[in-house]
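Below, each chain spelled out in residue letters.
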Amino acid sequence: MQIETRPTAASSYARSLISRGCPQALAISVGKILARTDNGMEHSPDEKVLIERAYAHLRR
């Protein structure tokens, strides 16, 4: 296990999603999207689908 002394926003998002049951590969991809769009950028339609898929795992 690798411990990050300064975790990035993307890795923080990914860890949160993984801890709630989202598959790791999907969580990593969505974490990068969420970190990149933190500043208010709009998500593309493809990004919205991935985000919805990741959050669907949280509702199970």
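Reading guide: rules and limits
- Residues numbered from 1 in each chain as written.
- Predicted model: local features only at pLDDT ≥ 70, side-chain atom pairs only at ≥ 80, totals over all residues.
- Heavy atoms only, no water.
- Axes fitted to C-alpha atoms, helices over the stretch in contact; angles between N-to-C directions.
- Helix = DSSP H or I, 4+ residues; strand = E, 2+ residues; numbered from the N terminus.
- Parallel < 35°, antiparallel > 145°, perpendicular 65-115°, else oblique.
- Left-handed = near helix turned anticlockwise from the far one by under 90°.
- Contact = heavy atoms within 4.5 Å.
- Nonpolar A, V, L, I, M, F, W, Y, C, P; charged D, E, K, R; others polar.
- Expected span 1.5 Å × (residues − 1).
- Buried < 20%, exposed > 50% of the residue type's maximum accessible area, 1.4 Å probe, protein only.
- Arc of directions from axis to C-beta.

### Overview of the packing of helix α2 (residues 24–36) against helix α3 (residues 45–56)
Consideration 1: For the pair α2 and α3, the least separation of the axes is 10 Å and the interaxial angle reads 125°. In terms of orientation, α2 and α3 fall into the oblique class. When the axes of α2 and α3 are compared, the crossing they make is left-handed. Each of Leu-26, Val-30, Ile-33, Leu-34 and Arg-36 in α2 lies in contact with α3, whose residues at this interface are Glu-47, Leu-50, Ile-51, Arg-53, Ala-54 and Tyr-55.
Consideration 2: Taken together, the residues of the contact of α2 with α3 break down into eight nonpolar, no polar and three charged.

### Points about α2
Consideration 1: With 13 residues, α2 extends 18 Å from end C-alpha to end C-alpha; this agrees with the ideal 18 Å at 1.5 Å per step.
Consideration 2: Regarding α2, the residues found buried are Leu-26, Ala-27, Val-30, Gly-31, Ile-33 and Leu-34. Taken around the axis of α2, the buried residues stretch over an arc of 165°, which confines them to a single face. Summarising the geometry of α2, the exposed residues directed more than 90 degrees from the buried face are Gln-24, Ala-25 and Lys-32.
Consideration 3: Structurally, α2 contributes buried residues whose contacts are with α1 (9–19) and α3.

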